[in-house]
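Below, each chain spelled out in residue letters.
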Amino acid sequence: MEKRRPRGTAGDKTICLPIDSGIDYESLVENERDYRIYLEKKIEKLPELFPKDIKEGFQLHGFVNSKRQQIRTRRILLKANHEAYQIRPDFIMPYMSEKAETAEKALYLRKHGVSYEGIAYILGRSEMH
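Structural notes, computed from the coordinates. (Residues numbered from 1 in each chain as written. Predicted model: local features only at pLDDT ≥ 70, side-chain atom pairs only at ≥ 80, totals over all residues. Heavy atoms only, no water.)

### What to know about the pattern of salt bridges
This model, assessed by the stated rule, comprises 5 salt bridges. Note that Asp20 is salt-bridged to Lys42, the shortest N-O span being 2.8 Å. Separated by 22 residues along the polypeptide, Asp20 in the loop between β1 (13-17) and α1 (25-30) and Lys42 in helix α2 (residues 32-45) bring together distant segments of the chain. Residue classification places Asp20 among the partly exposed residues on the basis of a relative accessible area of 37%. Here Glu40 makes a salt bridge to Arg36, at a shortest N to O gap of 3.3 Å. Here the residue Glu40 and the residue Arg36 both occupy positions in helix α2, the gap between them amounting to 4 residues, near one helical turn. Assessed through its relative accessible area of 36%, Glu40 is described here as partly exposed. (Salt bridge = Lys/Arg side-chain N within 4 Å of Asp/Glu carboxyl O. Helix = DSSP H or I, 4+ residues; strand = E, 2+ residues; numbered from the N terminus. Buried < 20%, exposed > 50% of the residue type's maximum accessible area, 1.4 Å probe, protein only.)

Following this line, the structure appears as structure tokens:
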């Protein structure tokens, strides 16, 4: 009998999926057929971003809702080994910590000697953020 992981996000691995400009990400995520087609094209074009076992197939395996970033992402389950992966769009930083655009601005400011306190003030965040 096959052993399946419990359905939760703890322990999921993450795949960072490039989202082409002009794509409405929210609509893409909500449309199962379009999302699968888009994902399969990316797997074919950029196989290095995905686990080897994805070649044996996958199934869409629910959603993850980020309260922090107000975004919904999809999960997949590999058929070969029943490992779950969260598919994070490339415009969101790991752990859903920030949008990449905001992180880029903070790093730019830090590169030019702006203090953490100054960056927090400019971006309207706390220093801990």
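### Some words on the environment of Ile87
Within the secondary structure, Ile87 is located in strand β4 (residues 84-89). The exposure class assigned to Ile87 is buried, which follows from its relative accessible area of 1%. With 11 residues separating them along the chain, Ile87 and Ile76 place their C-alpha atoms 7.4 Å apart. Every residue in contact with Ile87, bar those within four places of it in the chain, is listed here: Ile15, Leu17, Tyr25, Tyr35, Thr73, Arg74 and Ile76. (Contact = heavy atoms within 4.5 Å.)

### Brief notes about the nonpolar core
Membership of the largest hydrophobic core comes to 20 residues, with the highest contact counts inside it found for Leu17, Tyr35, Leu39, Phe50, Ile54, Phe58 and Ile76. Put simply, the parts of the chain that give this core at least two residues each are β1, α1, α2, β2 (58-66), β3 (71-78) and β4. Broken down by element, this core gets its largest block of residues, 4 residues, from α2. (Core = buried A, V, L, I, M, F, W, Y, C linked by side-chain atoms within 4.5 Å.)

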